[in-house]
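As a plain string of letters, each chain reads:
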Amino acid sequence: MRQAMQLAEEAHEAAEVPVGCVFVHTPTNKVIGSGRNRTNETLNGTRHAEFEGIDEIIQSVFFQEEVKRRGGVDKFWADVTLYVTIEPCVMCASALRQLGIKEVYFGAGNDRFGGNGSVFTVHQE
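Summary of the structure given here. All values derive from a computational prediction rather than experimental measurement.

What follows covers helix α1 (residues 2-13). When the terminal C-alpha atoms of α1 are compared, their 17 Å separation across 12 residues agrees well with the 16 Å that a helix rising 1.5 Å per residue should span. Considered for burial, the residues of α1 that qualify are Ala4, Leu7, Ala8 and Ala11. In a view along the axis of α1, the buried residues occupy a sector of 105°, so they form one face of it. Opposite its buried face, α1 presents the exposed residues Arg2, His12 and Glu13, each directed more than 90 degrees away. For α1, the secondary structure elements touched by its buried residues are β1 (20-25), β2 (30-36) and β3 (80-86). Backbone geometry just after α1 places alanine 15 at a positive phi near 65°.

This is the structure:
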């Protein structure tokens, strides 16, 4: 979570909503991706911290090798935990659910757009 906080500070310094996140491959306890909000910088409303991290992971050699070794993308994401400074919004929570992320830990709820319990429970059936 400390790394996610540093990324949130970077986002704030860049005039972004201060959200940062870190994805951890649970079996190896290795950080495999991270992100911070970049919606203002890119003029793209989908560039939330979680999407930045997911894109970093998908482009990595580690991801490509693990998907081949494990026999599928869904099996890869089942071993990933997300640490994020603020509860994922509905859009991000939906993406995380569709990927099948193992667990999501967040530092504070999102009373306006939270998708993991504060407003909506996208992560549950």
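Next up on the list: the pattern of salt bridges. Across all of its chains, the model carries eight salt bridges by this definition. The closest approach of N and O atoms between glutamate 52 and arginine 38, which form a salt bridge, is 3.4 Å. With glutamate 52 in helix α3 (residues 49-58) and arginine 38 in the loop between β2 and α2 (39-42), this residue pair connects regions lying 14 residues apart in the sequence. Shared partners join several salt bridges into a network, and the residues in it are Glu10, Arg36, Arg38, Glu41, Arg47, Glu52 and Asp55.

To continue, consider the packing of aromatic side chains. Scanning all chains against the criterion turns up five aromatic pairs. Measuring from ring centre to ring centre gives 4.9 Å for phenylalanine 63 and phenylalanine 76, while their planes differ by 85°; the resulting arrangement is edge-to-face. Residue phenylalanine 63 is located in helix α4 (residues 61-70), and its partner phenylalanine 76 is located in helix α5 (residues 73-77); the two are separated by 13 residues in the primary sequence. Phenylalanine 63 sits in the buried class, given a relative accessible area of 7%.

The subject of this paragraph is the sheet that holds strand β4 (residues 103-108). Here four strands make up an open sheet; going across it, the order is β2-β1-β3-β4 and the pairing mixed. For this open sheet the edge positions go to β2 and β4, each flanked by a neighbour on one side alone. Across the sheet, the mean angle separating the axes of adjacent strands is 15° when strand polarity is ignored. Bridge count for β3 against β4 is five bridges, and the pairing is parallel. Its bridge partner lying in β4, tyrosine 83 is registered against tyrosine 105. Contacts between α3 and the sheet are confined to β1, β2 and β3, with β2 contributing the most and set at about 135° to the helix.

Rules used throughout
Residues numbered from 1 in each chain as written. Predicted model: local features only at pLDDT ≥ 70, side-chain atom pairs only at ≥ 80, totals over all residues. Heavy atoms only, no water. Helix = DSSP H or I, 4+ residues; strand = E, 2+ residues; numbered from the N terminus. Expected span 1.5 Å × (residues − 1). Buried < 20%, exposed > 50% of the residue type's maximum accessible area, 1.4 Å probe, protein only. Arc of directions from axis to C-beta. Contact = heavy atoms within 4.5 Å. Salt bridge = Lys/Arg side-chain N within 4 Å of Asp/Glu carboxyl O. Phe/Tyr/Trp six-rings, centres within 6.5 Å; stacked < 30°, edge-to-face > 60°. Pairing = 2+ DSSP bridges. Axes fitted to C-alpha atoms, helices over the stretch in contact; angles between N-to-C directions.

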